[in-house]
Amino acid sequence: MPAKLSVNINKIATLRNSRGGNNPDLVKAALDIERFGADGITVHPRPDERHIRYSDVYELKKVIHTELNIEGNPVEDSFVKLVLENKPAQVTLVPDSRDQLTSNHGWDTIKEATYLKSIIPVFKNAGIRVSIFVDPVVELVTAAKECGTDRIELYTESYAKHFINDREAAIKNYVAAAKEAERVGLRLNAGHDLDMNNLQYFAQQIPNLDEVSIGHALISDALYFGLQNTVQLYKRQLG
Ligand SMILES: CC(=O)[C@@H](O)[C@H](O)COP(=O)(O)O
Ligand SMILES: NCC(=O)COP(=O)(O)O
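Residues numbered from 1 in each chain as written. Chains lettered and ligands numbered in written order. Predicted model: local features only at pLDDT ≥ 70, side-chain atom pairs only at ≥ 80, totals over all residues. Heavy atoms only, no water.

Draft legend 1. Main features of the site of ligand 1. Around ligand 1, a shell composed of Asn-8, Asn-10, Lys-11, His-44, Arg-46, His-51, Glu-71, Val-94, Thr-102, Ser-103, Phe-133 and His-192 is seen. For ligand 1, an oxygen atom lies 3.0 Å from a polar atom in the side chain of His-44. One nitrogen or oxygen atom from the side chain of Arg-46 is found 2.9 Å from an oxygen atom belonging to ligand 1. Within the complex, 91% of the 360 Å² of free accessible area of ligand 1 lies under protein. When atoms are counted within 2 Å of each cavity's grid points, the one that captures over half of ligand 1 is the largest pocket. (Near = heavy atom within 4 Å. Polar contact = N/O pair within 3.5 Å; in protein donor to acceptor, adjacent residues only side chain to side chain. Areas by Shrake-Rupley, 256 points an atom, 1.4 Å probe, with all protein chains shown as cover. 1 Å grid on protein atoms, 1.4 Å probe; cavity = no way out; pocket = protein on both sides within 12 Å on 5 of 7 lines; lining within 4 Å. Sits in = over half its atoms within 2 Å of the grid points.)

Draft legend 2. Structural view of the sheet that holds strand β6 (residues 151-155). The eight strands are arranged β1-β2-β3-β4-β5-β6-β7-β8 in a closed barrel whose pairing can be described as parallel. The mean inter-strand angle of the sheet, taken between neighbouring strand axes irrespective of direction, is 25°. Running over the sheet, helix α8 (residues 167-184) touches β6 and β7 (187-191) and is turned about 175° from β6. Against the sheet, helix α10 (residues 216-225) makes contact with β1 (4-8) and β8 (209-214), and its axis sits at roughly 75° relative to β1, the strand it touches most. (Pairing = 2+ DSSP bridges. Helix = DSSP H or I, 4+ residues; strand = E, 2+ residues; numbered from the N terminus. Axes fitted to C-alpha atoms, helices over the stretch in contact; angles between N-to-C directions. Contact = heavy atoms within 4.5 Å.)

Draft legend 3. Broad picture of the UniProt feature "site: Transition state stabilizer" (unreviewed entry) in the chain. As annotated by UniProt and renumbered to match this structure, "site: Transition state stabilizer" (unreviewed entry) occupies Glu-153. Among the secondary structure elements, Glu-153 is positioned in strand β6. Excluding residues within four positions of it along the chain, Glu-153 makes contact with Glu-71, Thr-92, Ser-131, Ile-132, Phe-133, Val-134, Asn-189, Ala-190, Gly-191 and Ser-213. (UniProt positions renumbered as here; feature names shortened; annotations may be inferred.)

Draft legend 4. Focus on the nonpolar core. With 73 residues, the main nonpolar core has Ile-9, Leu-93, Ile-132 and Ile-152 as its most contacted residues. With seven residues, α8 is the single largest residue contributor to this core. Setting aside residues no more than four positions away along its own chain, Ile-152 makes contact with Ser-131, Ile-132, Val-134, Val-141, Ala-144, Ala-181, Leu-186, Arg-187, Leu-188 and Asn-189. (Core = buried A, V, L, I, M, F, W, Y, C linked by side-chain atoms within 4.5 Å. Buried < 20%, exposed > 50% of the residue type's maximum accessible area, 1.4 Å probe, protein only.)

Draft legend 5. Main features of helix α11 (residues 227-237). Along α11, the positions that sit buried rather than exposed are Thr-230, Val-231, Leu-233, Tyr-234 and Gln-237. Within α11, the buried residues cover an arc of 160° as seen down the axis, which keeps them to one side. In this structure, the buried side of α11 is in contact with β1, α2 (26-35), α9 (199-205), β8 and α10. At the exit of α11 stands Gly-239, carrying a positive phi of roughly 90°. (Arc of directions from axis to C-beta.)

Draft legend 6. Examining the environment of Pro-136 more closely. Position of Pro-136 relative to the elements: it lies in the loop between β5 (129-134) and α6 (138-146). The exposure class of Pro-136 is buried, given its relative accessible area of 15%. Sequence-wise, Pro-136 and Leu-209 are 73 residues apart; in three dimensions their C-alpha atoms are separated by 13 Å. The residues contacting Pro-136, other than those within four sequence positions of it, are Leu-154, Tyr-155, Asn-173, Tyr-174 and Ala-177.

Draft legend 7. Focus on unusual backbone geometry. At the junction of Asn-23 and Pro-24, the peptide bond is cis and its omega measures out at 0° in the coordinates. Within the secondary structure, Pro-24 sits in the loop between α1 (10-17) and α2. Of note, the phi angle at Lys-87 is positive, near 40°, even though the residue is not glycine. By relative accessible area, Lys-87 is classed as partly exposed at 44%. Phi angles above zero are rare outside glycine, and Asp-193 is one such case at about 70°. Position of Asp-193 relative to the elements: it lies in the loop between β7 and α9.

Draft legend 8. The side chain of Asp-195, seen in detail. You can see Asp-195 is positioned in the loop between β7 and α9. In this structure, Asp-195 is buried with no salt-bridge partner, the nearest side chain bearing the opposite charge being Arg-167 at 9.5 Å. Side-chain polar atoms of Asp-195 contact the backbone nitrogen of Asn-197, separated by 2.8 Å. Among residues more than four places away in sequence, those in contact with Asp-195 are Ala-217 and Tyr-234. (Lys, Arg positive; Asp, Glu negative; His and termini not counted. Salt bridge = Lys/Arg side-chain N within 4 Å of Asp/Glu carboxyl O.)

Draft legend 9. Representation of the UniProt feature "active site" (unreviewed entry) in the chain in the model. When the UniProt feature table is mapped onto this chain, "active site" (unreviewed entry) is found at His-44, Glu-71 and His-192. The greatest C-alpha distance among the annotated residues, which extend across 149 residues, is 12.2 Å, indicating that they converge on a single site. Lining the largest cavity, from the set of annotated residues above, are His-44. When you line up the elements, Glu-71 lands in strand β3 (residues 67-72). With sequence-adjacent residues up to four places away left out, Glu-71 is seen in contact with Asn-8, Thr-42, Val-43, His-44, Pro-45, Phe-79, Thr-92, Val-94, Glu-153 and Ser-213. Beyond its immediate sequence surroundings of up to four residues, His-192 is in contact with Thr-102, Ser-103, Phe-133, Tyr-155, Thr-156, Glu-157 and Ser-213.

Below, the structure is given as structure tokens:
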């Protein structure tokens, strides 16, 4: 079964916010992206609302008919409230601080196990599937299972960075982490800096990959190839 494509629409919101109006219309874009073949919509509402606003999530929840995935750091009480009030198909917990330009690390599922074991049930008990953002380290994957999460999302920035020069070396840790996820019974997501060049090889090398969430490169490619064509191009990379 090919991995599912969840399109992250953060950067559509970035463009919208840049002029203060509602163009491009985020909700319309999300519905069109679903119509073009995406399996889900991902949003990452950050505390400063630099792109996705909390109000966007309520509007999207009303109309999205594929899977809605909300990403964010649950240390923000406002994020927990937002997720529980909207009950998306999936919440992806990402340990970003407020001042980060973008996501740049996963959870230390060993040192932060006590916290993760306390917060994950808050969402699972509300019927929300939980995924946690994790670096491709076997020990962290093993510990993630102990934390009670349903899934992990492998942070793929390192893969993307090294893919160009040596794809075999770039994928090595991810193959090991994916095998450990399968061994311990964790479903597997992946994301960050995946693009038209590196996606197909990643999906081919990780047979138990359930879902990728892709935003920045896909929306950037859409400026040249159009949104409908680009969504379908990315879907074809997944087989
Ligand atoms: C968790 C992750 O890697 C991305 O989903 C994140 O949403 C990117 O955030 P920005 O779009 O703010 O860079
Ligand atoms: N979780 C990864 C995501 O949603 C999008 O990351 P990117 O493709 O914008 O780097």
